[in-house]
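Okay, here's what each chain looks like letter by letter:
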Amino acid sequence: MNYQDKIKTWETLKPGDVETMTKTMTESDIMLWVGITGDMNPVHIDRVYSKNTRFKDVVVPGLCVAGLISTAVTKVTFGNVYAMQNLKFVKPVYIGDTITATAVIKEKLEDKHMVQIETTCVNQNNEVVIVGEAREYILA
């Protein structure tokens, strides 16, 4: 597949560029995540255990949800390389929640040939569930 016409270059990227990724989180997503990562935290897989926690139900692993941020960042800076991501998990995400991850270029860092990106995830009620910042190395 030819991606050349989609690659984002230093000249084409600008503050304010924005991309999103939306997905409804499922029990299958959790099981796939557990299989890939080996994360057997019972709060993610055991309804009986989770019922007795402050969450009152199984919660989707935070880094699984944050994977949606990676997609939004990739879309806004397509063809470049993640350098850094910090995250703050604000609210739990439950099976059935529809999450929209947003990546907004905030600043071009000339001396490092990087962009600073604001990252946010909200649920179907527009409640913030994750906030953070990313940096992306711009290769071309």
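Residues numbered from 1 in each chain as written. Predicted model: local features only at pLDDT ≥ 70, side-chain atom pairs only at ≥ 80, totals over all residues. Heavy atoms only, no water.

Q: What should I look at first to understand a nonpolar patch on the surface in this one?
A: Taken together, the side chains of M31, M40 and I45 define a hydrophobic patch exposed on the protein surface, amounting to about 270 Å² of accessible area. A relative accessible area of 41% means that M31 is categorised as partly exposed. (Patch = residues over 30% accessible without salt bridge, like charges linked within 9 Å, V, L, I, M, F, W, Y side chains within 5 Å. Areas by Shrake-Rupley, 256 points an atom, 1.4 Å probe, with all protein chains shown as cover. Salt bridge = Lys/Arg side-chain N within 4 Å of Asp/Glu carboxyl O. Buried < 20%, exposed > 50% of the residue type's maximum accessible area, 1.4 Å probe, protein only.)

Q: For this particular structure, what's the right way to read the packing of aromatic side chains?
A: Any aromatic ring pair is given by two values, namely how distant the centres are and how the planes are angled relative to each other. Summed over all chains, the structure comprises one aromatic pair. An angle of 50° between the planes, with centres 5.8 Å apart, marks the rings of Y3 and F78 as tilted. Placement of the pair is Y3 in the segment before β1 (18–24) and F78 in the loop between α4 (62–76) and β2 (81–89), with a sequence separation of 75 residues. Given a relative accessible area of 24%, F78 falls into the partly exposed group. In this arrangement the basic side chain of K108 is found over the ring face of W10, its NZ or CZ atom lying 4.5 Å from the centre. (Phe/Tyr/Trp six-rings, centres within 6.5 Å; stacked < 30°, edge-to-face > 60°. Helix = DSSP H or I, 4+ residues; strand = E, 2+ residues; numbered from the N terminus. Lys NZ or Arg CZ within 6 Å of the ring centre and 35° of its normal.)

Q: Just checking my understanding: could you explain the sheet that holds β2 for this structure?
A: Pairing between the strands of a sheet is mediated by backbone hydrogen bonds and can be parallel or antiparallel. With antiparallel pairing, five strands are arranged side by side in an open sheet as β1-β3-β4-β5-β2. The strands lining the two open edges of the sheet, one partner per strand, are β1 and β2. For this sheet, the mean angle separating the axes of adjacent strands, direction not counted, is 20°. Alignment of β2 against strand β5 (residues 128–137), held across eight bridges, turns out to be antiparallel. If you follow N86 over to β5, its bridge partner there is E133. (Pairing = 2+ DSSP bridges. Axes fitted to C-alpha atoms, helices over the stretch in contact; angles between N-to-C directions.)

Q: Would you explain the pairing of strand β4 (residues 114–122) in this entry?
A: Remark: a regular strand shows side chains that alternate across the two faces of the sheet. With eight of its nine residues buried, β4 lies for the most part within the structure. Two elements, strand β3 (residues 98–109) and β4, share nine bridges in a ladder whose sense is antiparallel. Looking across to β4, one finds that T102 is bridged to T120. The antiparallel hairpin formed by β3 and β4 contains four residues in its connecting segment, where H113 sits at a positive phi of about 55°. Two strands pair when backbone bridges link them, and β4 and β5 are joined in this way by nine bridges, in the antiparallel orientation. Note on β5: the bridge partner recorded for E118 is E133. Count of turn residues in the β4/β5 antiparallel hairpin: five residues, of which N126 carries a positive phi of about 65°.

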